[in-house]
Amino acid sequence: MRGDEAVLQVRGINKSFGAVEALKDVDFEVRRGEVTALIGDNGAGKSTLINVITGVLEPDSGDIVFEGERVVFASPHDARERGIETVYQDLAVAPQLDAVANIFLGRERRKAGILGWLGFLDQQRMREETGEQLEELRVRIPDPTKPLSTFSGGQRQGVAVARAVMWASKVVIMDEPTAALGVAQVGMVLDLVRRVRETGIPVVFISHNMPQVFDVADRIVVLRLGEVVAELDPEEASTDDAVAAMTGSLRGGERE
Amino acid sequence: MLSRLAGSAFIFLILAGLLIAFSILEGRAFLSGDNFLNIAVDASELLLLAVGVTFVIITAGIDLSVGSILVLSSVIAAQTMVALSGTDQQVQNFTYPNQAVGIPVGIAAGLLTGLVCGFINGLLVTKLRLTPFIATLGTLGVFLGTAQILSGGTNVPYVPPAIQTHVSTRQLLGFLPVPIAIGLVVVGVAILALHRTQFGRYTYAIGSNAEAARRVGIDVDRHLLKVYTLSGFLAGLAGIIDVARFNTASVGAHTLDNLAAISAAVIGGTSLFGGIGSIVGSVVGTFIPAVLRNGFVIHGVQPFWQEVAIGIVLILAVFIDQRRRSAEERM
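In this text, all values refer to a predicted model and were calculated from it rather than measured experimentally. (Residues numbered from 1 in each chain as written. Chains lettered and ligands numbered in written order. Predicted model: local features only at pLDDT ≥ 70, side-chain atom pairs only at ≥ 80, totals over all residues.)

Colleague: Help me out: how do you make sense of the overall build of chain B in this one?
Modeller: Per the secondary structure count, chain B includes 15 helices and 2 strands. Here chain B has a C-alpha radius of gyration of 20 Å; the compact-globule value for 331 residues is 20 Å, and the two agree. When the backbone C-alpha atoms are referred to their principal axes, chain B occupies close to 70 × 55 × 35 Å. Residue pairs at least 24 apart in sequence account for 78% of intrachain contacts in chain B once pairs closer than 6 positions are excluded. (Helix = DSSP H or I, 4+ residues; strand = E, 2+ residues; numbered from the N terminus. Rg over C-alpha atoms; globule rule 2.2 N^0.38 Å. Contact = placed C-beta atoms within 7 Å.)

Colleague: Would you explain the pairing of strand β7 (residues 171-175) of chain A in this entry?
Modeller: Along any regular strand the residues' side chains alternate between the sheet's two faces. Residues and elements named next belong to chain A. Counting buried positions along β7 yields 5 of 5 residues, so the element is predominantly enclosed. Both strand β6 (residues 84-87) and β7 contribute to a ladder of 4 bridges, which runs parallel. Note that in β7 the partner of Ile 84 across the bridge is Val 171. When β7 meets strand β8 (residues 203-206), the two strands line up parallel, connected through 4 bridges. (Buried ≥ 20, exposed ≤ 12 C-beta atoms within 10 Å, placed from the backbone. Pairing = 2+ DSSP bridges.)

Colleague: Please clarify how the interface of chain A and chain B should be interpreted in this entry.
Modeller: A common measure of how large an interface is: the accessible area buried when the components associate. Listed per partner, the contact involves 20 residues of chain A and 21 residues of chain B. In terms of residues, the side of chain A that touches chain B owes the most to one element, helix α2 (residues 76-81) of chain A, which gives 3 residues. Among the residues making up the side of chain A that touches chain B, the classes are represented as 11 nonpolar, 6 polar and 3 charged. (Nonpolar A, V, L, I, M, F, W, Y, C, P; charged D, E, K, R; others polar.)

Colleague: Can you help me understand the pairing of strand β3 (residues 35-40) of chain A in this one?
Modeller: Residues and elements named next belong to chain A. Counted residue by residue, β3 has 6 buried out of 6 residues, so it is predominantly covered. Judged by which residues are buried, β3 turns out to be covered on both faces: Val 35, Ala 37 and Ile 39 on one side and Thr 36, Leu 38 and Gly 40 on the other are all buried. When β3 meets β8, the two strands line up parallel, connected through 4 bridges. Note that in β8 the partner of Thr 36 across the bridge is Val 204. Bridge count for β3 against strand β9 (residues 219-224) is 5 bridges, and the pairing is parallel. Residue pairing in the sheet places Leu 38 in a bridge with Val 221 of β9.

Colleague: Just to check I follow, could you spell out the sheet that holds strand β1 (residues 6-17) of chain A for this structure?
Modeller: Strand pairing within a sheet occurs via backbone hydrogen bonds; the two strands may be parallel or antiparallel. All names here are of chain A. The 4 strands lie next to each other as β2-β1-β4-β5, forming an open sheet whose pairing is antiparallel. Each edge of the sheet is formed by a strand with only one pairing partner; in this case those strands are β2 (20-31) and β5 (69-71). Here the average twist between neighbouring strands, direction ignored, is 25°. Both β1 and strand β4 (residues 61-66) contribute to a ladder of 5 bridges, which runs antiparallel. Bridge assignment links Asn 14 to a residue of β4, and that residue is Ser 61. Its contacts with the sheet put helix α1 (residues 46-53) on β1, β2 and β4, and the angle it makes with β1 is roughly 120°. (Axes fitted to C-alpha atoms, helices over the stretch in contact; angles between N-to-C directions.)

Colleague: When you look at the packing of helix α4 (residues 66-85) of chain B against helix α7 (residues 132-151) of chain B in this model, what are you seeing that I'm missing?
Modeller: Each pair of packed helices can be summarised by the angle the axes make with each other and by the distance between the axes. All names here are of chain B. Interhelical geometry of α4 versus α7 gives an angle of 25° and a closest axis separation of 8 Å. Judged by the angle between their axes, α4 and α7 are roughly parallel. Between α4 and α7 lies a crossing of left-handed hand. Listed contacts from α7 to Ser 68, Ile 69, Val 71, Leu 72, Val 75, Ile 76 and Gln 79 of α4 are Leu 140, Phe 143, Leu 144, Thr 146, Ala 147, Leu 150 and Ser 151. Here the contact of α4 with α7 is composed, by residue class, of 10 nonpolar, 4 polar and no charged. (Parallel < 35°, antiparallel > 145°, perpendicular 65-115°, else oblique. Left-handed = near helix turned anticlockwise from the far one by under 90°.)

Colleague: Just checking my understanding: could you explain the nonpolar core for this structure?
Modeller: Where a protein is soluble and globular, its nonpolar side chains tend to be buried together. Counting residues in hydrophobic clusters, the biggest one holds 167 residues, and the most contacted among them are Val 171, Val 172, Phe 205 and Val 222 of chain A together with Leu 49 and Ala 261 of chain B. In contact with Ala 261 of chain B, not counting residues within four places along its chain, are Leu 46, Leu 49, Ala 50, Val 53 and Val 66 of chain B. (Core = buried A, V, L, I, M, F, W, Y, C linked by C-beta atoms within 7 Å.)

Colleague: Which parts of the structure should I look at to understand the environment of Ile 20 of chain B?
Modeller: Secondary-structure assignment places Ile 20 of chain B in helix α2 (residues 9-26). Placed 11 residues apart in sequence, Ile 20 of chain B and Leu 31 of chain B show a C-alpha to C-alpha distance of 9.0 Å.

Here it is as structure tokens:
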């Protein structure tokens, strides 16, 4: 499953906010079939990097190469059009809507013919496709036609991930997807990450949590003060190495 | 869908209880087709306002200006009709040689007024980023003041009576007054639009989590603009019905319509926090005060009691809804 083919590369990205250099000459790569963990302390530049990749922020300089082609994502919409989906830390779901409505939000299936032209929704088709998607990812929720506000945090996260995976043809980015979850629910989300990898779609997994990162990642990229300071192989490196790289106490696992 | 209906079961029960109680107390004086048609015609304007406001509230907004839009639309409609239907002298003698032109153009002018007013509300909310409460509180004054300036503060006289005979008192199929027919069509379309179409889906989504809607690529501002414009248009339509029913534009009669429409929606289970609500609920929420008023009048109770009763129903409805919702979220 694992390959070296890069789906997405960022090269020499710089981004400053006033006097603050949030990203300094950052190189970062997402490879097919891999879970790439992006770790770093608060303020290390993880969110800025993700925002650049997903078109929320424009870099001051540097290139984004997507499937071998230089691209400019002017908005999150551009990135989504290319098949890059993000699961946000705050989930960004509509709690009063059901799972079906959330998964298809902004991409509703309409009925055929004149009814569709009038905006009528094909509820049955969306229900069926939601059922298949949840089944494939083994996300268990009580009833996809109930509002998400009646679900647990883990179930809501499951729906948010299912939505991203459903529409991500190329890359799924998960920004601290386990931050607000209990132990059992974290296990469920990590399983989900592995299942997404099995489908061949690369995952960028952002987290603070070292055990989770080492549990799920194929490659660990460490950011510190806006720079990529290390790239670690979780098979060889230890949690201490990662923490040392994050905090700068040891330049372990130096990049070539 | 089912849970939404179950949520409004309580207000259905209240409405049914009122209908049964007044039927027992008053017999045929209350329980007759004619009386029910009266109730429905009386409620028709408020019904349109409540439907429009329901869409707005589901987006987590509010529209305080619907009563003023109603008045401004009716003044402009009435003045256009008077101006186009004949010369000053002719209309003052109640002859209207050109009313075949004047009335339709007046209706169009009234509807357009509502549309424009709603659009202005939408622009204030989306472009100037004003909170809907402030934006529509401001336009409440602007629209009503404009109506008073145009009309000199008095009801518009010499409106062609044909609008009354052709629209208000005319009965379709031999029994159905036009205001009720308009109400039925609007309610039917609104139910489909809110619960079956992408337009409705976006309305709920924006009220539930506007940021989430934005992130999936929904043009939130554009949708809000449409929703406020819809609310204004329905208020304009209500203004036309008002002119048709009373053969004048009543400048002073609708100052509390905005609150009545909002409380109808809220009694019907629409949440002021957005994301929750239904047209059927708002219909029931409109008819509870209408039935109460009618029943009290027939029973000889001072109509002021209706205000007291509605206030209590409103408080109860919101209280029960909150309890139900927090119970649901604890699951």
